[in-house]
Amino acid sequence: MLLARLSNSHKTFKTALRSQRGFSLVEILVALTLLGIAGTFVAGKIFQSLHEGKVSAAKIQMNQLAERLQEFRRKCGFYPETEQGLEALSSKPSVGRECKNYPPDGFIGGTGTVPNDPWDNFYGYVNEGNKFNMVSYGSDLTEGGEDEGLDIWFRPPAGAEQQSDSAEGAEF
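Calculation criteria
- Residues numbered from 1 in each chain as written.
- Predicted model: local features only at pLDDT ≥ 70, side-chain atom pairs only at ≥ 80, totals over all residues.
- Heavy atoms only, no water.
- Helix = DSSP H or I, 4+ residues; strand = E, 2+ residues; numbered from the N terminus.
- Buried < 20%, exposed > 50% of the residue type's maximum accessible area, 1.4 Å probe, protein only.
- Contact = heavy atoms within 4.5 Å.
- Areas by Shrake-Rupley, 256 points an atom, 1.4 Å probe, with all protein chains shown as cover.
- Patch = residues over 30% accessible without salt bridge, like charges linked within 9 Å, V, L, I, M, F, W, Y side chains within 5 Å.
- Salt bridge = Lys/Arg side-chain N within 4 Å of Asp/Glu carboxyl O.
- Pairing = 2+ DSSP bridges.
- Axes fitted to C-alpha atoms, helices over the stretch in contact; angles between N-to-C directions.
- Disulfide = S-S within 2.5 Å.

Student: Before we go on, may I ask you to explain the overall build of the protein in this structure?
Tutor: When helices and strands are tallied, the protein shows 2 helices and 3 strands. Split into buried and exposed, the 172 residues of the protein put 30% on the buried side. When contacts within the protein are restricted to residue pairs at least 6 apart in sequence, long-range pairs at least 24 apart make up 46% of them. Approximately 11600 Å² of the protein is accessible, and the part contributed by carbon and sulfur atoms is 58%.

Student: So what exactly am I meant to see when it comes to the environment of Thr111 here?
Tutor: Here Thr111 lies in the loop between helix H2 (25–76) and strand S1 (124–127). Distance from Thr111 to Ser90, taken between C-alpha atoms, is 9.2 Å for residues 21 residues apart in sequence.

Student: When you look at unusual backbone geometry in this model, what are you seeing that I'm missing?
Tutor: Both trends apply: most residues other than glycine have a negative phi, and most peptide bonds are in trans. Of note, the phi angle at Asp120 is positive, near 65°, even though the residue is not glycine. Residue position: Asp120 is located in the loop between H2 and S1. Notably, Leu141 is not glycine yet its phi reads approximately 60°, a positive angle. Within the fold, Leu141 resides in the loop between strand S2 (132–136) and strand S3 (152–153). Residue classification places Leu141 among the partly exposed positions, given a relative accessible area of 48%.

Student: Would you mind going over a nonpolar patch on the surface with me for this structure?
Tutor: On the surface, a cluster of nonpolar side chains totalling about 690 Å² of accessible area is made up of Phe23, Leu25, Ile28, Leu29, Leu32 and Leu35. Turning to its location among the elements, Leu29 is positioned in helix H2. Take Leu29: its relative accessible area is 47%, and that puts it in the partly exposed class.

Student: Which parts of the structure should I look at to understand the sheet that holds S2?
Tutor: Sheets are built from strands paired through backbone hydrogen bonds, the pairs being either parallel or antiparallel. Pairing is antiparallel in the open sheet, where 3 strands are placed in the order S1-S2-S3. With one partner strand each, in any of the chains shown, S1 and S3 form the two edges of the open sheet. Direction of pairing for S2 relative to S3: antiparallel, over a ladder of 2 bridges. Note on S3: the bridge partner recorded for Ser136 is Ile152. In the packing of H2 onto the sheet, the strands contacted are S1, S2 and S3, and the crossing angle to S2 comes to about 155°.

Student: Please clarify how the state of the cysteines should be interpreted in this entry.
Tutor: Should the sulfur atoms of two cysteines be covalently bonded, the bond is a disulfide. One pass over the structure, following the stated rule, counts 1 disulfide. The residue that forms a disulfide with Cys76 is Cys99, at a sulfur-sulfur distance of 1.8 Å. Where Cys76 bonds to Cys99 through sulfur, the torsion about that S-S bond is close to -80°, and the disulfide is left-handed. With a gap of 23 residues between them, Cys76 in helix H2 and Cys99 in the loop between H2 and S1 connect regions that are remote in the sequence. Neither residue differs from the other here; Cys76 and Cys99 are each classed as buried.

Student: What should I look at first to understand the pattern of salt bridges in this one?
Tutor: On inspection of all chains with the given rule, the structure shows 2 salt bridges. A salt bridge links Glu71 to Arg68, with the nearest nitrogen and oxygen atoms 3.2 Å apart. With a gap of 3 residues between them, Glu71 and Arg68 both fall in helix H2, about one helical turn apart. Take Glu71: its relative accessible area is 23%, and that puts it in the partly exposed class.

Shape descriptors only; they carry no functional weight alone.
Have a look at this one:
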């Protein structure tokens, strides 16, 4: 009886194995292709969001630096000269006009250094007399540029293209 049952369940098992059909190579390749196409779209959106985040971060940093520059002007009576650059916010300038009320710790708290842009490069700074301007040359590190390499200005010069974002430079 036991032997008959084992023999019968062995036949049932073999029948079950034969009746099950696997995926063909073509079906597997089609599924992998569709997954690859979907992954390409997702990766593109992720990289676009990453770039937009860096543009927003650059604009936020420039607005914060502008506040420090305003504080420099209140204490010293002028904006740092172009040659002094943004480094005048972290250490007392040794060239150009002298600030007699320069605070011992500078104008930047925390680390005491001027932050780099989101691409880990220096911000450009220009003293325009009674106002100033800053720029990040973006991912391509060159003046001008297109698409993701477009420059990010604190106050875009006339005719300059600007990365679009909601965090626009404040008027100082």
